Amino acid sequence: MPLALLALAVGAFGIGTTEFVIMGLLPEVADDLHVTIPTAGHLVSAYALGVVIGAPLLAAVTTRLSRRTVLIGLMALFVAGNALSAFAPGYDSLLAARFLSGLPHGAFFGMGAVVATTMVAPERKARSVSLMFLGLTVANVVGVPAATLMGQHLGWRATFLGVSAIGLVAIASLALLIPHDHAHAPQAGLRRELAALRSLPVWLALGTTVAGFGALFSAYSYITPMLTDAAGFADGSVTLLLALFGVGATVGNLVGGRLADHSLRGTLFGGLTFLAAVLALFPLLMSTEWTAALAVVLLGVAAFVTGSPLQLMVMEKASAGPSLASSANQAAFNLANAGGAWIGGLALAAGFGATSPALAGALLALLGLGVAATAATVDRRRSVPGRERVIATHVPHGTEAEALTR
């Protein structure tokens, strides 16, 4: 694997750290800015909104720039957002800075995934995406706990300064390690990127992402009350258990990348089935402390086995213009975050018990399997001779061409 993937992983590490660390610093932020914790919680929503809006928007407006240049620019925007967060004079300005910090998130992962696959042989594409995502999963094991401790001892502003420093390291790494010969050429152009998004297989792949990761966040959003109320853990043990989730996510991410290079759709089906089974077993696994700890690890493994396959699936279905679709998949991940948390909350509010969000997640995983199966059926029908429609298979100089059959 090329060393340039390390540069993408460093950027992913910084982004993953700033996305999740705010959740552990809400009390400190609320006290310092004289707002309630629920009000401070809007800082989480502001970042997620930035991701959803920024992912397709920034991918669309940068279609004529080289991917290498775009990645460096996105990381510069990330540094600016976190620096402004560190020096925000009040709550409203911090809210705006968090929104700004979220804007480059989805576009960076989407563009980074495209660049990662151009630097390796075809049989290693999924593995290259998983290595970039490794920065995100390691952030949950190392970055978030370390940044949280920094914020608790040095103040929450120090955390955002530290994240800005990570972003500067990422910029230097991107400039030094991303080769011009793989990422210097301009992208496909906005018309072809938008044309690729009109493909039904692309939308089915995006739907699988929303349902599959909605299953994860339906349970993970309420993992703390499950561990304390159902499994009997003390509040102080939750941080360590969440680090175990990060370990499981890291293992699942690496395994999923390797398996997907052998069978992309098989890994996707197997991962979603495994996720549904783990979530369905949560009421049983949460009955004792050691099985609950095992459940947390298995949840991380099961969810992130499908991470790189889902990303690669979207890119392959939008091969005529993959950058916008790849970034849109990152927006789909964040829609899954919000939608899954909402559905899990409905299960809790209905009085079905502390582990009911996991059962709701199991149903969402089965829904994801159904969408994936529908996508497979559509692909088989399009592969039948006479059904496949190819608008153009060659792009001559100075003309636009679209290939919408993938």
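This report concerns the structure included in the present document. (Residues numbered from 1 in each chain as written. Predicted model: local features only at pLDDT ≥ 70, side-chain atom pairs only at ≥ 80, totals over all residues. Heavy atoms only, no water.)

Remarks on the overall build of the protein chain
The line we're drawing: Helix and strand assignments come from DSSP, with helices taken as H or I runs of at least 4 residues and strands as E runs of at least 2, each series counted from the N terminus. Using a 1.4 Å probe on the protein chains alone, a residue whose accessible area is under 20% of its type maximum counts as buried, one over 50% counts as exposed, and one in between counts as partly exposed. Note on contacts: a residue pair qualifies if any of its non-hydrogen atoms lie within 4.5 Å across the two residues. In this description, accessible areas are obtained by the Shrake-Rupley approach with a 1.4 Å probe, and a residue is regarded as covered only by the protein chains that are shown. Positive residues here are Lys and Arg, negative ones are Asp and Glu, while His and the chain termini are left out of the count. Charged groups are reduced to one reference atom each: NZ for lysine, CZ for arginine, CG for aspartic acid, CD for glutamic acid.
When helices and strands are tallied, the protein chain shows 19 helices and zero strands. Per-residue burial over the protein chain gives 55% buried out of 406 residues. Of all intrachain contacts in the protein chain linking residues separated by at least 6 positions in sequence, the fraction that spans at least 24 positions is 83%. For the protein chain, the accessible area works out to roughly 16200 Å², and carbon and sulfur atoms hold 69% of it. Between the averaged position of the 20 positive side-chain charges in the protein chain and that of its 17 negative side-chain charges there is a distance of 16 Å.

What about the layout of surface pockets?
In plain terms, the rule: Note on definitions: the grid is 1 Å and covers protein atoms alone; a cavity is a set of points where a 1.4 Å probe fits but cannot get out; a pocket is an open set with protein on both sides within 12 Å along at least five of seven lines; lining residues have an atom within 4 Å of a point. Grid points are joined across faces, edges and corners, and a volume is the space filled by probe spheres set on the points. For this scheme, ten residues count as nonpolar: Ala, Val, Leu, Ile, Met, Phe, Trp, Tyr, Cys and Pro. Four count as charged, namely Asp, Glu, Lys and Arg, and the remainder, Gly too, count as polar.
Size it by volume and the largest pocket reaches roughly 1000 Å³. F20, M23, G24, Y220 and L242 are, among the 34 residues lining the largest pocket, the residues nearest its centre. Contributing elements (two or more residues each) for the lining of the largest pocket: α1 (4-24), α4 (42-61), α7 (125-154), α11 (200-220), α12 (223-230), α13 (238-262) and α18 (322-349). Taken together, the residues of the lining of the largest pocket break down into 22 nonpolar, eleven polar and one charged.

Side note on the packing of aromatic side chains
To be explicit about the condition: Here a Phe, Tyr or Trp ring, Trp counted by its six-membered ring, pairs with any other such ring whose centre lies within 6.5 Å, and the pair is stacked when the planes are under 30 degrees apart, edge-to-face when over 60, and tilted otherwise.
On inspection of all chains with the given rule, the structure shows seven aromatic pairs. With a centroid separation of 6.2 Å and 85 degrees between ring planes, the pair formed by F108 and F109 is classed as edge-to-face. A single burial state applies to F108 and to F109, both of which are buried. Ring pairs connect the aromatic residues F213, Y220, F245, F304 and F333, which therefore count as one cluster.

Digging into the pattern of salt bridges
We apply this condition: When a carboxyl oxygen of Asp or Glu is within 4 Å of a side-chain nitrogen of Lys or Arg, the pair counts as a salt bridge.
Using the criterion set out here, one finds four salt bridges in the structure. For R127, the salt bridge goes to D261, with nearest N and O atoms at 3.4 Å. Within this pair, whereas R127 is found in helix α7, its partner D261 is found in helix α13, the two being separated by 134 residues in sequence. Taking relative accessible area as the criterion, D261 reaches 17% and is therefore assigned buried. Residue R265 is joined to D379 by a salt bridge in which the shortest nitrogen-to-oxygen separation is 2.4 Å.

Points about the environment of P122
Among the secondary structure elements, P122 is positioned in the loop between α6 (91-118) and α7. The exposure class of P122 is exposed, given its relative accessible area of 64%. Between the alpha carbons of P122 and A147 there is a distance of 37 Å; along the sequence they are 25 residues apart.

A short note on the side chain of S327
Within the secondary structure, S327 is located in helix α18. By relative accessible area, S327 is classed as buried at 0%. Once residues within four sequence positions are removed from consideration, S327 is found in contact with A55, A59, G106, A107, G110 and M111.

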